[in-house]
Amino acid sequence: MLKITTQVNRGIIFIRLEGNLNSSTINTFYDELNYLLYKQGIHYYVLNFKNLDNIDQNIFTKFQNILTEIFLSCGQVVMCGVNKLQKRVIGTSKDKLFYVNEEQDAFKYLKI
């Protein structure tokens, strides 16, 4: 099961994930991000993975598609709670994707 909580602070949406992110739950996450991106027009995201119990490595292709959609809409993403292997799999995108240890560090990277 995946629990998603959201909070907006200074025009940035903070998305906190809890539980399991796997092939059964990735579509719930994808649908939430699509709604925020296309229906709400949000372009600045902080994705907090710290409280996930399990991340299935097979979901990263779908996750990279989600990131690409955000980047194509001139969005930026800060990720929190991602380990070194996951960073390597997700990759980098200069001026669009940032990794931090704590959520509040996102304000150093995202300027609205």
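Draft legend 1. Structural view of the pattern of salt bridges. Overall, the coordinates contain three salt bridges when judged by the stated rule. One salt bridge connects Glu 103 with Arg 16, and the closest N-O pair in it is separated by 2.9 Å. Linking Glu 103 in the segment after β5 (97–100) with Arg 16 in strand β2 (residues 12–21), this pair joins segments that are 87 residues apart in sequence. With relative accessibility at 14%, the residue Glu 103 sits in the buried group. When its relative accessible area of 22% is taken as the criterion, Arg 16 is described as partly exposed.

Draft legend 2. Geometry of the side chain of Asn 48. Tracing the sequence through the fold places Asn 48 in strand β3 (residues 44–55). A distance of 2.8 Å separates a polar atom in the side chain of Asn 48 from a polar atom in the side chain of Glu 103. Every residue in contact with Asn 48, bar those within four places of it in the chain, is listed here: Ile 15, Arg 16, Leu 17, Cys 80 and Glu 103.

Draft legend 3. Spatial organisation of unusual backbone geometry. Within the chain, Arg 10 stands out as a residue other than glycine whose phi angle is a positive 55°. Phi at Asp 95 is positive, roughly 65°, even though this residue is not glycine. What makes Asp 95 partly exposed here is its relative accessible area of 49%.

Reading the values: rules and limits
- Residues numbered from 1 in each chain as written.
- Predicted model: local features only at pLDDT ≥ 70, side-chain atom pairs only at ≥ 80, totals over all residues.
- Heavy atoms only, no water.
- Salt bridge = Lys/Arg side-chain N within 4 Å of Asp/Glu carboxyl O.
- Helix = DSSP H or I, 4+ residues; strand = E, 2+ residues; numbered from the N terminus.
- Buried < 20%, exposed > 50% of the residue type's maximum accessible area, 1.4 Å probe, protein only.
- Polar contact = N/O pair within 3.5 Å; in protein donor to acceptor, adjacent residues only side chain to side chain.
- Contact = heavy atoms within 4.5 Å.

By themselves, these observations are geometric and do not establish any function.
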